Amino acid sequence: MQNRTPQTQLFGSLLDVCTSLLQTSLKTKDPFATKSIHGLIIKSGLHPSVFLINNLINVYAKTGYVSDAHQVFDEMHIKNTSSWNTLLSAYAKQGAIFEARYLFNQMPEQDSVSWTALIVGYNQIGHFQNAIRMFLGMVSCSVFPTHYTFTNILASCAAIKALDIGKKLHSFIVKLGLSSYVSVANSLLNMYAKSGDVSTANVVFERMKLKNISSWNAMISLHMQSGRVDLALAQFEQMKEHDIVSWNTIITGFNQHGFDNEALDMFSKMLKLPMLKPDKYTLASALSACANTGNITFGKQIHNHIIRSCFNTDGAVGNALTSMYSKCGSVEIAQKIVEQKGVLNLDVIAFTSLLDGYVKLGDINPARVIFDSLRERDVVAWTAMIVGYIQNGFLDEAIAVFRLMIQEGTRPNNYTLAAMLTISSGLASLNHGKQLHAMALKSLQASSVSVSNALITMYSKAGNINSARKVFNLIHSRKDAVSWTSMIIALAQHGLGGEAIQLFETMLASSIMPDHITYVGVLSACTHVGLVEEGRRYYNMMKHVHELVPTSSHYACMVDLFGRAGLLQEAQDFIEKMPIEPDVIAWGSLLASCRIHKNADLAKMAAERLLLIEPDHSGAYSALANVYSACGRWKEAAVIRKSMKDKQVKKEQGLSWIQIKDQVHVFGVEDGVHPQREAIYQLMEKIWKEIKKMGFIPDTESVLHDLDNEVKEQILRNHSEKLAIAFGLINTQENTTLRIMKNLRVCNDCHSAIKFISHLVGREIIVRDSTRFHHFKDGSCSCRDYW
């Protein structure tokens, strides 16, 4: 081996020195030092060294001077793959994907680092599908991915819940022998967790020979997400050491699942550890737990800790403090925090909590005064005020604030529009809802999942199920559990039980986890179309497959399912075996079924049990009296009605209403106050004669009083929904769909008559009663007479 010349030794020494200086510069992120080293490299004639210049490009790139890095790159006479990759990675990590892609296409040869850099870049800007396509291109070019490639592509799959692709990647990882890498195994855990595949995540975790804190944290988070708080705690206790993420996951999980005392207990234990300090997530969750439990003493102690440690209370912590004091009744302290930090730092929850605090005091005006006095009101502040009014029932005030917001030039965001759509849903105002939809489209907010979900509910409650379908179909891959649930409930309410169940099965096939509300929709769908066996199957699936504990709503659905199908004994047995005390809804469902199937004895028992819970429940008296009347037991019916009168229990009046040109017209039975009364009654009398000629036979049994048939017919002809239909026919153009709302269930006679009316006038008539929608068209109803 030849001896190195002094010149060569000096060159090598300078090379080592400059390399070392560049590494130091990278640690300190000193741009002046980097420039000086760059000058020294050129002055010393070291610039031909590809290794050294690659280091220089790397330092410029990682300290934020990508343009300088690119200039150095362009001046290189000789470039190797590392040169290209260094600059490519810099652009990719900055999110400059077009520049990165251009460099990638110009490279003489791409290696695994090149492909992975672009995958990272696409992930950086949220283009996860493109990242997956990049990976597929990499494999098709026979470039073998590294463990770092897999951690990033698995993150892409996790982000869009692409479980099928993730499983194929898992097989590929095992085949390449990379599953032993802890980072890869953790990425697999994360992918399965976010995709909802709990069982496979457990298998991956159990097979890991090496586990780090991130592995355990992923499993704790997974168990919390799936509601298995017990398993999450067990895993936490098995860990040999915990980091801040471990504590935050367990504390936040307890808080989010209603175990607030346990969350505070864990927070107290964490504070005793000298090496760990709570961050904003820990503090926000602990304060939320204090708010939920009303533990203002502990909340004040946390506040003192925040002050002593000079913790920044902007954002989440300040909002949590505001919510805690508001919910615990100390609105004046919450107000001071708001005044100190300003409304710009408030979120909807905190401001709503403040509003709720004033409502509990019996006066929301002080909150409005605070709102009006704020110098700068952004969309968050406006939305918080609107949501506060809505949540506390002040709908007119919410609408007024929204209009003022528009007048002052603040553009509503998706939360604002979603909140306003809930008002339209509550009022079943299709016109207002359509105006908000148009506003959402114009402001590009219609693509928001929250707005789309609110639109589905609005259109559904307004009786326009086809528009609800269109909105749902436009959501595409962005559908969340709420989207699916909203559409399932919409279909169920409109009597489209088969469609609702099919959609639920599609939801399951898409690996979207149903929740309690989803199952209320599914069981309601079965109830509305009499699918008893399917209802039993889904009830068992909810308990044993998805491990959801039934609530009173699910029990009531099952009682209703059995009762409507005529399985009254099974409905009664189900109630008796319920693990919780049956509520008013459960007994009410059984009572309603007894009326349909004319079982007076069981109705009496159900009514008595219902009245034990709620002695002044007018529906129980009315339903029992109606059952007796339907069975011809007039004396017993009279006794019940006399009992109602003696106890001054007022029966809810049946009302129907229709909206014409933004004005709501309300009708009662034999209504005599409407300005168009004479025309309405004349038209209804004419319609009555015509539909009788068509074969309609009045159901006089629907009049549950001992009267002559002629009198009964007159009462039936003037039911509120029939009067509303007659008014609608007078005041709308031909072929216009009529939308009638009713506060009680539609009676048998009205249901039969409206079928004939829809055929007579050639119009679709949509009636929403207290339980569901009926779409009458061409002489038939969407419920197929099962209701």
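Structure's up top.
Residues numbered from 1 in each chain as written. Predicted model: local features only at pLDDT ≥ 70, side-chain atom pairs only at ≥ 80, totals over all residues. Heavy atoms only, no water.

K.L.:
Explain the overall build of the protein chain to me, using residue names and the numbers behind them.
P.N.:
Looking only at helices and strands, the protein chain features 42 helices and six strands. If you line up the protein chain on its principal axes, its C-alpha atoms span 125 × 55 × 55 Å. Pairs at least 24 residues apart make up 61% of the contacts formed inside the protein chain by residues separated by at least 6 positions. Across the protein chain, the mean location of the 77 positive side-chain charges is 4 Å away from that of the 70 negative side-chain charges. (Helix = DSSP H or I, 4+ residues; strand = E, 2+ residues; numbered from the N terminus. Contact = heavy atoms within 4.5 Å. Lys, Arg positive; Asp, Glu negative; His and termini not counted. Charge placed at Lys NZ, Arg CZ, Asp CG, Glu CD.)

K.L.:
Can you lay out the sheet that holds strand 4 (residues 765–768) for me, pointing to particular residues and giving the numbers?
P.N.:
Spatially, six strands are ordered 2-1-3-4-5-6 in an open sheet, and the strand pairing comes out mixed. The open sheet has two edge strands, strand 2 (663–668) and strand 6 (780–781), and neither has a second partner. With four bridges connecting them, strand 4 and strand 5 (residues 773–777) associate as antiparallel partners. Its bridge partner being in strand 5, Ile-766 is matched across the sheet by His-775. (Pairing = 2+ DSSP bridges.)

K.L.:
How would you summarise the pairing of strand 4 if you had to cite specific residues and measurements?
P.N.:
Where a strand is regular, its side chains alternate between the two sheet faces. With burial as the criterion, each face of strand 4 is covered, one bearing Ile-765 and Val-767 and the other bearing Ile-766 and Arg-768. With four bridges joining them, strand 3 (residues 738–742) and strand 4 adopt parallel strand pairing. Bridge pairing in strand 4 links Leu-738 to Ile-765. In this region the chain leaves strand 3, passes through helix 42 (residues 748–761) and returns to the parallel neighbour strand 4; the handedness of that crossover is right-handed. Where strand 4 folds back on strand 5, the antiparallel hairpin that results is connected by four residues. (Buried < 20%, exposed > 50% of the residue type's maximum accessible area, 1.4 Å probe, protein only. Right-handed = clockwise from strand over helix to strand, strands pointing away.)

K.L.:
Describe the pairing of strand 5, naming the residues involved and giving the relevant values.
P.N.:
Where burial is concerned, most of strand 5 is hidden: four out of the five residues are buried. Looking at chain direction, strand 5 and strand 6 are connected through two bridges and run antiparallel. Looking at strand 6, one finds that Phe-776 is bridged to Cys-781. In textbook terms, the turn of a hairpin is the stretch between consecutive antiparallel strands, and for strand 5 and strand 6 this stretch comprises two residues, one of which, Asp-778, has a positive phi near 55°.

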